[in-house]
Amino acid sequence: IENRIQLLNKVGFEWECYKSQSWEKFHEELVNFVKEFGHGRVPPKFPQNPSLGGWVNHQRRIYKMYLKGDASSSTTADRILLLNKIGFEWILRGKL
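Presented here is a report on the structure given in the accompanying data block. Note that the coordinates shown come from a computational prediction; the quantities given were computed from them, not determined experimentally.

A separate point is helix α4 (residues 50-67). Structural remark: α-helix, 3.6 residues per turn; residues separated by three or four positions point the same way. Its 18 residues place the ends of α4 27 Å apart at the C-alpha level, agreeing with the 26 Å of an ideal helix rising 1.5 Å per residue. Considered for burial, the residues of α4 that qualify are L52, G53, W55, V56, Q59, R60, I62 and Y63. At the C-terminal side of α4, G69 shows a positive phi close to 80°.

Structure below.
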């Protein structure tokens, strides 16, 4: 198995998809989405950018963890502020 892992690493295999694009890159994509559609409710399977919907949902999950004081949340107050500035909706359909 180690040999297979090394071979995959040599060809540049991406082990963690979300980490392949930076938070800032996804934020920029969300800003563009908001400019085009007037809201930040990205569909889970948005055809033009399939990974953006997953990223948006992930932001809501880690925000909920942040509010509960969960140290494993990867969000920060600065990131929350940036999302708030574009009118990000943390609660959908009455749920957080």
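Turning our attention to the packing of helix α3 (residues 23-37) against α4. Here α3 crosses α4 at 105°, and the two axes come no closer than 10 Å. Comparing the axis directions of α3 and α4 gives the class roughly perpendicular. Between α3, through W23, F26, H27, E29, L30 and F33, and α4, the contact on the second element is made entirely by S51, L52, W55, V56 and Q59. Classifying every residue of the contact of α3 with α4 gives seven nonpolar, three polar and one charged.

Here we take up the pattern of salt bridges. In this structure the tally under the stated criterion is two salt bridges. A salt bridge links K25 to E29; its shortest N-O distance comes to 3.8 Å. Of this pair, K25 and E29 both sit in helix α3, separated by four residues, roughly a single helical turn. In this structure, E89 and R41 form a salt bridge, with 2.6 Å as the shortest nitrogen-oxygen distance. Pair noted here: E89 is in the segment after α5 (77-85) and R41 is in the loop between α3 and α4, with a separation of 48 residues, a long-range link. Classification of E89 by relative accessible area gives partly exposed; the value is 26%. With a relative accessible area of 38%, R41 lands in the partly exposed category.

So, about the packing of aromatic side chains. All chains considered together, the criterion is met by seven aromatic pairs. Here the aromatic rings of F26 and W55 are separated by 5.4 Å at their centres, their planes lie at 10°, and the arrangement is stacked. With F26 in helix α3 and W55 in helix α4, the pair connects residues that are 29 residues apart, well separated along the chain. One exposure class covers both F26 and W55, and it is buried. Here the aromatic residues W23, F26 and W55 are joined through ring pairs into a cluster of three or more.

Thresholds, definitions, all that
Residues numbered from 1 in each chain as written. Predicted model: local features only at pLDDT ≥ 70, side-chain atom pairs only at ≥ 80, totals over all residues. Heavy atoms only, no water. Helix = DSSP H or I, 4+ residues; strand = E, 2+ residues; numbered from the N terminus. Expected span 1.5 Å × (residues − 1). Buried < 20%, exposed > 50% of the residue type's maximum accessible area, 1.4 Å probe, protein only. Axes fitted to C-alpha atoms, helices over the stretch in contact; angles between N-to-C directions. Parallel < 35°, antiparallel > 145°, perpendicular 65-115°, else oblique. Contact = heavy atoms within 4.5 Å. Nonpolar A, V, L, I, M, F, W, Y, C, P; charged D, E, K, R; others polar. Salt bridge = Lys/Arg side-chain N within 4 Å of Asp/Glu carboxyl O. Phe/Tyr/Trp six-rings, centres within 6.5 Å; stacked < 30°, edge-to-face > 60°.

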